[in-house]
Amino acid sequence: MKAAVYYGPRDVRVETVPKPSAGPGEVVLRVLRCSVCGTDKRIFTHGQKNVVPPTITGHEIVGTVAEVGSGVDSAIAIGRKVVVATVVGCGKCIYCRRKQFNLCDSFTALGYDYAGGFAEYVKIPAAAVAQGNIILVPPAMALERAALVEPLSCCLNGEEYLNAQPGDRALVFGAGPIGLMHAAILKSRGCDPVIVTDVSDERLAYVVEFGLGRTVNTAGGNAIEKILAAVGGEKFDVALTANSVKSTQADALKLVRKKARVCFFAGIPKDDPVLPIDTNFIHYNEISVFGCFASNLQHYHQALEMIGRDDIPWDRFVTHRFKLDDMVKAFAVIEAGQGIKTVIDCE
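Residues numbered from 1 in each chain as written. Predicted model: local features only at pLDDT ≥ 70, side-chain atom pairs only at ≥ 80, totals over all residues. Heavy atoms only, no water.

(A) Quick peek at the sheet that holds strand β13 (residues 236-241). The strand order β12-β11-β10-β13-β14-β15 describes an open sheet built from six strands, whose pairing is parallel. Single-partner strands in this sheet number two, and they are β12 (214-217) and β15 (288-291). Taken over all neighbouring pairs, the strand axes of this sheet differ in orientation by 15 degrees on average, direction set aside. The pairing of strand β14 (residues 256-264) with β15 spans four bridges and is parallel. Within β15, the position partnered with Phe264 by the bridge is Gly291. Strands in contact with helix α6 (residues 177-188) are β10 (170-173), β11 (194-198) and β13; relative to β10, the strand with the most contacts, it is inclined by about 170 degrees. Helix-sheet contacts for helix α9 (residues 246-254) involve β10, β13, β14 and β15, and the interaxial angle to β14 is about 155 degrees. (Pairing = 2+ DSSP bridges. Helix = DSSP H or I, 4+ residues; strand = E, 2+ residues; numbered from the N terminus. Axes fitted to C-alpha atoms, helices over the stretch in contact; angles between N-to-C directions. Contact = heavy atoms within 4.5 Å.)

Okay, structure coming up:
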């Protein structure tokens, strides 16, 4: 089969490699589409300790069932269209027993520890199949929509903590694909206004084009002043950082009012992760601050239901498409910050 094989930072080669086969409890998918995550780009540029070359990355997978091993549920039938949950828990720890597989201390993941979806075929390990990671997709759903389920599931995990209510004032830092998905969720839950900030006019234009909210360009500094000026000085009930800029975490805390919820959705560089926080402000104003990492099975099912509706223009989120042969070109587009979501056509 054809695959984009990762050999190390900035070394991805499209090669012919052996096609996987399904052993007991395993499933092989014919990959149809695989979206490119910001983590995929980071692996391409810098590597990651749990991604050992040579391997195949890519975890935002939609495909059809091509081969089924013995003992697999009969609902996972040849030809069925599916998406795949990324995280595979150990199945034994307290978090796995709670179905919080993303918090398992020894979790593994497709596209990281296992070969991923930037290939014509991908094998889903037995532990993932047994956990329920293969999720059936409605036959009529467009492939590119289905390829958005995994990132949207992560956003829904973060939104679970925020618990946005109709009429809440919402603020999102970052107008990349994740920021726009958060804005879409907040809009769908009745938040007003939904404000999205970024330093790129190109990306902020998508917020307006998709009807997701209002925008503030914070390039050049003084972000707090610019945001407050745009909203008449009134602060926010929910705020979320969908970028890796530490200063936006501090700004988020300064831009919320009493009883607000703040989600640090995106990680920041590990060489500078410490943020001074006025804990008295949090205490006296009853501010809730949450972290968020990956997602769980219920979030995939919620994402699938949400993407199946037409109240948000999901089809327009995919702005760039590449064939598997052009994998390196896809990474170049993402590095340049162009468009919103990039999808690889593996057919």
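From this point, the narrative continues.
(B) Here's a closer look at the pairing of strand β3 (residues 27-35). For β3, the buried fraction is high: nine of the nine residues fall into the buried class. Pairing geometry for β3 and strand β8 (residues 121-124), over four bridges, is antiparallel. Looking at β8, one finds that Val28 is bridged to Lys123. As paired elements, β3 and strand β17 (residues 341-345) share three bridges and run antiparallel to each other. Within β17, the position partnered with Ser35 by the bridge is Val343. (Buried < 20%, exposed > 50% of the residue type's maximum accessible area, 1.4 Å probe, protein only.)

(C) A look at the packing of helix α1 (residues 38-46) against helix α12 (residues 327-335). One can describe the packing of α1 onto α12 by two numbers: an axis separation of 10 Å at closest approach and a directional angle of 105 degrees. Taken together, the axis directions place α1 and α12 in an arrangement best described as roughly perpendicular. Residues Asp40, Lys41, Phe44 and Thr45 of α1 pack against Val328, Phe331, Ile334 and Glu335 of α12. (Parallel < 35°, antiparallel > 145°, perpendicular 65-115°, else oblique.)

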